[in-house]
Structures are given as structure tokens and as C-alpha cells.
Amino acid sequence: MLSTERQSTLLQKEDLVQFKGIDYVEFYVGNARQAAHFYRTAFGFTPIAYAGLETGVRDRCSFLLEQGDIRLVVTSSLTPDSAIARHVELHGDGVYDIALQVDDVQTVFQAAVKRGARPILEPTIVGTQNEYIAKATVASYEGDIVHSFIERGNYAGFTPQYQHLPTLPNPAATGLMEIDHMVFNVELGKMDLWSNFYQTVMGFGQAQQFTSDDISTKYSALMSKVLQNSTKRIKFPINEPAEGYRKSQIQEYLDFYNGPGVQHMALRTDNIIKTVQQLKSNGVEFLQIPDTYYKNLLHRVSPLDEEIEVLRNLKILVDRDDEGYLLQIFTKPLAGRPTFFIEIIQRKGAQGFGNGNFKALFEAIELEQEKRGNL
Ligand code: FE2
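This is a predicted model, so every value here is computed, not measured. (Residues numbered from 1 in each chain as written. Predicted model: local features only at pLDDT ≥ 70, side-chain atom pairs only at ≥ 80, totals over all residues. Heavy atoms only, no water.)

Draft legend 1. Geometry of the pairing of strand β1 (residues 19-28). Of all ten residues that make up β1, nine are buried, and the element is covered over most of its length. In terms of strand pairing, β1 meets strand β5 (residues 94-102) through eight bridges, oriented antiparallel. Counterpart to Glu 26 in the pairing with β5 is Asp 97. Pairing geometry for β1 and strand β4 (residues 70-77), over four bridges, is parallel. For Phe 27, the partnering residue across the bridge sits in β4 and is Val 74. (Buried < 20%, exposed > 50% of the residue type's maximum accessible area, 1.4 Å probe, protein only. Helix = DSSP H or I, 4+ residues; strand = E, 2+ residues; numbered from the N terminus. Pairing = 2+ DSSP bridges.)

Have a look at this one:
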């Protein structure tokens, strides 16, 4: 019997070979056409391909959007009694699939199932011997989140069910480059079980851990663990609510999402000031940060390349660790429910997630929670 530590090292070695990064993130939404329009005009994504009735798909309609190395798919149901429709009824618009790119779908799928993953789709190959795409899907630990494994064997398009879309007038570039991390919110007492799933089944390692002493305000507290694959291309921080004086923002998410799910997706830029200026002019709404946050900022994080006045005007947050600093900002929830939102992040050396900002950020979120009557 191997020790847990030894097992974890072995799994990470396997994982090192297997996971290349996030291939795409698929959202189940109420209206895919309008969601595609939103991600194009607000966030600067380009709609690339479409699947639906016109391409022989009878039960759903999907749009593939791209920007930099980020691929998003928005999918809605064409029938009232499908898994997609149920997902949207229960959760509102939300993330369904975080698809991971691999070299060999068969091996990864078999290994994941052997280690306890629940299979959703057996390995399926389409195309020719030289140009194919292989896909398999397993469920995440709980909730309605899955991971597809995608092997791209020189296949030119996204998948055969998709047709290329004619080029629309270009949205203004927002400079978003890649997915930096995806954050899960899970119920009280469940963080370790989720963390074990990603370590045991997916061979991820645990990078960081925050307790409720690190992250708490007068009303809210949370615990967090960061799971990542061995190349550090895939990072999943997992949040669990801690008992607070009133309802924590993690609990508010869980109540309105009706279970665990993806809280936010962080997108990386190499010029956050330009990116945020463009997003704001596109109508994207960000969380308001109290001006007091900027009073002690220089003292806490200096020296910075950016002017503090510019950061204050745009409400961009800064955090520093041993390796450098990072700049980040958070949108308001993208749907009517206080659930999924997007983070914009620029890294200047720092590899953390802005935990020095959590307190300031949570106080800002609580101002919004108060307005919603959920505090
Ligand atoms: Fe984040």
C-alpha cells in the first residue's frame, strides 16, 4: 500500500503527461443566441461556429466563441424536457462543462473512471484517421458540473456538428488572452471531499489553503483550497462557506444556484487598464470598491508600474506576494441570480489569487448583498 503522499506524486506524474490545459468552457443558458451576442459585444469574443437545427442538431443550439486562447461555448435547449432545460431551470445560466485537453482520451478516461469518476460519455471518435477529434466525459465530484476530455487529432473545426459562422463586424478588442483559473463554491463541510476528488481522480496537487481566519469580514467568512494540475495551467480554487454573523456570499451563491457550481472564471490580460477601459465602454458592470481601499494601497503593495489614480478611477485591486504583484477586478453577477461572475486579472510575477484583497472585496460584495436583501 502506497502512502498518500507517494500516491499523489505518482498521479501527478501521470497527470503531467495528460492535461494540456482547458480546451473550452461550456455554459448552459436560457438563450444561446443572446448569450453569444452578449459575450461578443460586452467582452469582445468572436463567434466562430454554430450548431443547431441548420446543422442537423435537433435538441440544442450552441455557439462557439473565441478570444486569444479562450474558447467558450454557450448552449441552450430546443425542448422543454432535456438535461439542458433542467440545468437552466435549477441553476439559471451557469457553467456545465470545463473541458480539458489531453493527448490520449482513452487512457485518461479509463484512468479517471478507475480512480472513481462517474462516466457520462464513453470515448467517442469522429473524423478520419488523420483528422479526428476524440471526446469522453466524466462527472465532477458533485453537482451538475462535468469534465470532458478532448483529444484534437488535427481536426480543422471545433467538432463536426458545428458550422463555421460568417464573420460579423469585429467587436472592439478587449485583450483577453487565456483562462487563468476557475473557482468552485461548495457546501459547508464539502471542501475536503471536492479537494480529494481532484487529487485522487484527476491527479491534481493542492497549491494553497486559506482558513476562515485568513478570509473574514464582519458578516462573511470562507475557507478555500487551491487545486492545480502539475503544469499549473489548470487551477481550481474551491471555496466553502464558514459560519458568519449573517449569510456569507458563498452561501448566497449556493442558495440561488441550488447547489455547488462555478462561482467565477478569471480571464488573463497583459494590460488590465486598457482591458477594463474597453469593457466599461462596452457596458460591463464591475463591483464598486470603496475609495478607502486605495488610501493604504501604496503602503501595502508598492512599488507599482501603474499610477494609483488610474487604478482608483477604474476600481482595480492590487495584491502582492513574494514573487511580484497582481491586478484584478470582478464583474457584477452576469445573470439575474447572484451567481456566476467574471474576474479580469493581470499577473506581474505573483502567482496567487489576490487573497490580500479578499477582505476589501467581500466588503464590496456585502454592500451589493445588502441591496438584494440577502445579508
Ligand atoms: Fe479569482
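Still more ground to cover, so stick around.
Draft legend 2. Seen up close, helix α3 (residues 83-91). Along α3, the residues that are buried comprise Ile 84, Ala 85, His 87, Val 88 and His 91. Seen end-on, α3 carries its buried residues on one side only, within an arc spanning 160°. Two residues or fewer past α3, Gly 92 is found with a positive phi of approximately 75°. (Arc of directions from axis to C-beta.)

Draft legend 3. Representation of the pattern of salt bridges within the structure. Tallied over the entire structure, the rule returns 17 salt bridges. When the shortest N-O distance is used, the salt bridge between Asp 103 and Lys 20 registers 3.1 Å. Taken together, the positions of Asp 103 in the loop between β5 and α4 (105-114) and Lys 20 in strand β1 put the pair 83 residues apart, joining distant regions of the chain. On the accessibility criterion, Lys 20 (39% relative accessible area) is partly exposed. A salt bridge links Asp 23 to Arg 71; the shortest N-O distance between them is 3.3 Å. Of the two residues, Asp 23 is situated in strand β1 and Arg 71 in strand β4; the sequence distance between them amounts to 48 residues. Of the two residues examined, Asp 23 and Arg 71, each falls in the buried class. A single network of salt bridges, built from pairs that share partners, joins Asp 23, Glu 66, Arg 71 and Arg 152. (Salt bridge = Lys/Arg side-chain N within 4 Å of Asp/Glu carboxyl O.)

Draft legend 4. How the structure looks around the domain arrangement of the protein. Domains assigned within the protein are domain 1 (14-164) and domain 2 (176-372). A straight line from the C-alpha centre of domain 1 to that of domain 2 covers 25 Å. Contacts between the two partners involve 42 residues from domain 1 and, on the opposite side, 39 residues from domain 2. Roughly 3,400 Å² is buried in total at the junction of domain 1 and domain 2, and carbon and sulfur atoms are behind 67% of that figure. Our count for the contact surface shared by domain 1 and domain 2 stands at one salt bridge. A salt bridge links Lys 190 to Glu 142, with the nearest nitrogen and oxygen atoms 3.1 Å apart. Counting across the domain 1 and domain 2 interface gives twelve residue pairs in polar contact (both at pLDDT 80 or more). Put simply, the parts of the chain that give the side of domain 1 that touches domain 2 at least two residues each are α1 (4-18), β1, α2 (32-41), β4, α3, β5 and β8 (146-153). In terms of residue count, β1 provides more of the side of domain 1 that touches domain 2 than any other element does, six residues in total. Of the residues contributing to the side of domain 1 that touches domain 2, the split by class is 23 nonpolar, twelve polar and seven charged. (Domains from an automatic or database assignment. Contact = heavy atoms within 4.5 Å. Buried area = accessible area lost by both parts, 1.4 Å probe. Polar contact = N/O pair within 3.5 Å; in protein donor to acceptor, adjacent residues only side chain to side chain. Nonpolar A, V, L, I, M, F, W, Y, C, P; charged D, E, K, R; others polar.)

Draft legend 5. Inspection of the packing of aromatic side chains at higher detail. Counted according to the given criterion, the structure contains 24 aromatic pairs. Arranged with centres 5.2 Å apart and planes meeting at 70°, the rings of Phe 184 and Phe 236 form a pair that is edge-to-face. Taken together, the residues span a long stretch of sequence, with Phe 184 in strand β10 (residues 178-185) and Phe 236 in strand β13 (residues 235-242) at a distance of 52 residues. Using a relative accessible area of 0% as the deciding quantity, one classes Phe 184 as buried. (Phe/Tyr/Trp six-rings, centres within 6.5 Å; stacked < 30°, edge-to-face > 60°.)

Draft legend 6. Expanded view of the side chain of His 181. Checked against the element boundaries, His 181 lands in strand β10. Polar contacts involving the side chain of His 181 include one to the side chain of Glu 343, which spans 3.1 Å. Discounting residues that sit within four places of it in the chain, His 181 has contacts with Lys 235, Pro 237, His 264, Met 265, Ala 266, Glu 343, Ile 345, Arg 347 and Phe 353.

Draft legend 7. A look at the sheet that holds strand β7 (residues 132-139). Taken in spatial order, the nine strands of this open sheet run β6-β7-β8-β5-β1-β4-β3-β2-β9, and their pairing is mixed. Among the strands making up the open sheet, the edge pair consists of β6 (119-127) and β9 (163-164).

Draft legend 8. Region of interest: the coordination of the iron ion. Looking at the metal site, the iron ion is ligated by His 181 (NE2), His 264 (NE2) and Glu 343 (OE), spaced 2.0 to 2.2 Å from it. All donors of the iron ion belong to a single chain; written as a sequence motif, their spacing is H-x82-H-x78-E. Within this pair, whereas His 181 is found in strand β10, its partner Glu 343 is found in strand β17 (residues 341-348), the two being separated by 162 residues in sequence. Just as His 181 is buried, Glu 343 falls in that class too. (Donors = N, O, S within 2.8 Å, 3.2 Å for Na, K, Ca; no water.)

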